[in-house]
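# Residue-level structural notes
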Amino acid sequence: GFVLADNGTLTKDVIGIAVTVGVNGSQMSVLTGGKFTITGATFTKGANYFLGTAGNVTVTPPDNVANKLSQRVAKALAATQLVLEISEPIITSSLA
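Conventions we followed
- Residues numbered from 1 in each chain as written.
- Predicted model: local features only at pLDDT ≥ 70, side-chain atom pairs only at ≥ 80, totals over all residues.
- Heavy atoms only, no water.
- Salt bridge = Lys/Arg side-chain N within 4 Å of Asp/Glu carboxyl O.
- Helix = DSSP H or I, 4+ residues; strand = E, 2+ residues; numbered from the N terminus.
- Pairing = 2+ DSSP bridges.
- Phe/Tyr/Trp six-rings, centres within 6.5 Å; stacked < 30°, edge-to-face > 60°.
- Buried < 20%, exposed > 50% of the residue type's maximum accessible area, 1.4 Å probe, protein only.

Here we take up the pattern of salt bridges. Here the structure, examined in full by the defined rule, presents 1 salt bridge. As a salt-bridge pair, Arg72 and Glu85 come within 3.7 Å of each other at their nearest N and O atoms. Of this pair, Arg72 sits in strand S7 (residues 72-78) while Glu85 sits in the loop between strand S8 (81-84) and strand S9 (90-91), and the two are 13 residues apart along the sequence.

Below, the structure written as structure tokens:
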């Protein structure tokens, strides 16, 4: 099976990016490294992308928020192209 990675669930870190649509009980393809293109995407060239919620990525890591996963996932090479750079997840803590 598969689950969506989520920075709010400490056991759901990123291990790869799905490149095919997943259906429960069926096989799917997962990319664990390298470059890939997402037609119609609007990434910011040079920006790092981190694990967000519900399988999404964000440019804003969850710094200074307790009990979140901070995990870099990719870097934008162009508006529609990322290179996977999956880091080890770090559990965050609040500085307040």
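Alright, that's what it looks like, and here's the rest.
Attention shifts here to the pairing of strand S4 (residues 48-51). Two faces belong to every sheet, and in a regular strand the side chains alternate between them. Sheet topology note: the S4/S7 ladder contains 3 bridges and is antiparallel. Among the inter-strand pairings, Phe50 is bridged to a residue of S7, identified as Arg72. Examined bridge by bridge, S4 and strand S5 (residues 57-58) share 2 bridges and lie antiparallel to one another. Across the sheet, residue Leu51 finds its bridge partner in S5, namely Val57. The antiparallel hairpin formed by S4 and S5 contains 5 residues in its connecting segment, where Ala54 sits at a positive phi of about 55°.

The subject of this paragraph is the packing of aromatic side chains. Applying the stated rule across the entire model yields 1 aromatic pair. Relative to Tyr49, the ring of Phe43 has its centre 5.1 Å away and its plane inclined at 75°; by these criteria the two rings are edge-to-face. Residue Phe43 shares its accessibility class with Tyr49, and that shared class is buried.

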